[in-house]
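So you can see what is in the structure, the chains are spelled out below.
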Amino acid sequence: MACGDGGPECGVRVDLDTGSSRLRDTAVTVVTARGDAYGPGTPREGSDFQTPYLRT
């Protein structure tokens, strides 16, 4: 990967000096928004792609 495509060579995900992940001990909060009802039992329940993706 070249530096222009955000690879670890650029120091984006990996500290170039230590080779370790920059986010290893960092708490992260993910906030998402959507405009419909995707809860259990609703007609769009099967279209919920955010919740399963974020739980993995």
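Residues numbered from 1 in each chain as written. Predicted model: local features only at pLDDT ≥ 70, side-chain atom pairs only at ≥ 80, totals over all residues. Heavy atoms only, no water.

**Student:** What exactly am I supposed to notice about the overall build of the protein chain here?
**Tutor:** Looking only at helices and strands, the protein chain features 1 helix and 0 strands. Across the 56 residues of the protein chain, 7% fall into the buried class. When contacts within the protein chain are restricted to residue pairs at least 6 apart in sequence, long-range pairs at least 24 apart make up 3% of them. When the accessible area of the protein chain is evaluated, it comes to approximately 4,900 Å², of which 53% is carbon and sulfur surface. (Helix = DSSP H or I, 4+ residues; strand = E, 2+ residues; numbered from the N terminus. Buried < 20%, exposed > 50% of the residue type's maximum accessible area, 1.4 Å probe, protein only. Contact = heavy atoms within 4.5 Å. Areas by Shrake-Rupley, 256 points an atom, 1.4 Å probe, with all protein chains shown as cover.)

**Student:** So what exactly am I meant to see when it comes to a nonpolar patch on the surface here?
**Tutor:** A surface patch of nonpolar side chains, amounting to about 450 Å² of accessible area, comprises Val28, Val30, Tyr53 and Leu54. On the secondary structure map, Tyr53 appears in helix H1 (residues 50-55). (Patch = residues over 30% accessible without salt bridge, like charges linked within 9 Å, V, L, I, M, F, W, Y side chains within 5 Å. Salt bridge = Lys/Arg side-chain N within 4 Å of Asp/Glu carboxyl O.)

**Student:** Just checking my understanding: could you explain the side chain of Asp48 for this structure?
**Tutor:** Among the secondary structure elements, Asp48 is positioned in the segment before H1. The buried category is assigned to Asp48, whose relative accessible area is 15%. A polar contact is formed between the side chain of Asp48 and the backbone nitrogen of Gln50, at a distance of 3.3 Å. (Polar contact = N/O pair within 3.5 Å; in protein donor to acceptor, adjacent residues only side chain to side chain.)

**Student:** Help me understand the pattern of salt bridges, please; the structure alone is not making it clear to me.
**Tutor:** Side chains bearing opposite charge may pair, as long as their charged atoms lie close to each other. Counted according to the given criterion, the structure contains 1 salt bridge. Measuring nitrogen to oxygen at the nearest pair gives 2.6 Å for the salt bridge that ties Asp36 to Arg44. Residue class for Asp36 comes out partly exposed when judged on its relative accessible area of 40%.

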